[in-house]
Amino acid sequence: LKKHSGITCALINAGGNIKAIGNKPGNMPWRVAIQHPRDPEAFLGTVMLHDGQSAATSGDYQRYYELNGIRYHHILDPATGRPADSGLASVTIVAKDGLLADALSTALFVMGLDEAAAFWQESDDFEAVLIDAQGQVYVTSGLEDAITGCDYTVIDR
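Residues numbered from 1 in each chain as written. Predicted model: local features only at pLDDT ≥ 70, side-chain atom pairs only at ≥ 80, totals over all residues. Heavy atoms only, no water.

## Focus: the layout of surface pockets
Turning to step 1, where the next piece is worked out: There is about 530 Å³ of room inside the largest pocket.
Turning to step 2, where the next piece is worked out: What lines the largest pocket is a set of 24 residues, and nearest its centre among them are Gly-15, Gly-16, Thr-57, Tyr-61 and Gln-62.
Turning to step 3, where the next piece is worked out: Mapped by element, the contributors of at least two residues to the lining of the largest pocket are strand E2 (17–21), strand E3 (30–35), strand E4 (43–49), strand E5 (54–59) and helix H2 (98–111).
Turning to step 4, where the next piece is worked out: Residues that form the lining of the largest pocket fall into these classes: 10 nonpolar, 12 polar and two charged.
Turning to step 5, where the next piece is worked out: If you add up the space inside the second largest pocket, you get close to 240 Å³.
Turning to step 6, where the next piece is worked out: Lining of the second largest pocket is provided by 15 residues; of these, Arg-71, His-73, Pro-83, Ala-84 and Asp-85 occupy positions nearest its centre.
Turning to step 7, where the next piece is worked out: Sort the elements by how many residues they give to the lining of the second largest pocket and strand E7 (residues 70–73) lands first, with four residues.
Turning to step 8, where the next piece is worked out: A breakdown of the residues in the lining of the second largest pocket according to their chemical character gives seven nonpolar, three polar and five charged. (1 Å grid on protein atoms, 1.4 Å probe; cavity = no way out; pocket = protein on both sides within 12 Å on 5 of 7 lines; lining within 4 Å. Points joined across faces, edges and corners; volume = space filled by probe spheres on them. Helix = DSSP H or I, 4+ residues; strand = E, 2+ residues; numbered from the N terminus. Nonpolar A, V, L, I, M, F, W, Y, C, P; charged D, E, K, R; others polar.)

Below, the structure written as structure tokens:
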């Protein structure tokens, strides 16, 4: 896009999947808010995106219904065919590749915290912000300096 359009900086939001092109004027990174999964009017914190980075979030809080106090959301566990019951409410992935970020946000949501952390520890092409059903935030160590506005537990390699 930069090469052919003359655009030097932009933040593109395609239905919640975000791509940073360049940095903001002054060579500052973009700040993207992470929505609070239980309060549609609030956000949990912000994460910085630099030139070429993408962010994608999957969660149980936008497409769902409740019946008899049980939340049924749109992210299905392929092992059961039912909404994933992983203990997570939201997963945000930051990566260079937007398609990878989108796919991993859903996959790690289905995996749950422990399996998602183990998967990240074996990878080197993405970082993650995971929020459990109780609102506890977990951040992979590569984002430790990029997230602000919330308390979190760091996941190390």
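After presenting the structure, the write-up continues.
## What to know about the pairing of strand E10 (residues 137–140)
Turning to step 1, where the next piece is worked out: Neither face of E10 is left uncovered, since the one carrying Val-137 and Val-139 and the one carrying Tyr-138 and Thr-140 both have all their residues buried.
Turning to step 2, where the next piece is worked out: In this structure, strand E9 (residues 127–132) lies alongside E10, joined through three bridges in antiparallel fashion. Directly across from Leu-130, in E10, lies its bridge partner Tyr-138.
Turning to step 3, where the next piece is worked out: Once E9 ends, the chain turns through four residues before running back antiparallel as E10, passing Gly-135 with a positive phi of about 90°.
Turning to step 4, where the next piece is worked out: Pairing analysis gives three bridges linking E10 to strand E12 (residues 153–155), with the strands arranged parallel. Within E12, the position partnered with Tyr-138 by the bridge is Thr-153. (Buried < 20%, exposed > 50% of the residue type's maximum accessible area, 1.4 Å probe, protein only. Pairing = 2+ DSSP bridges.)

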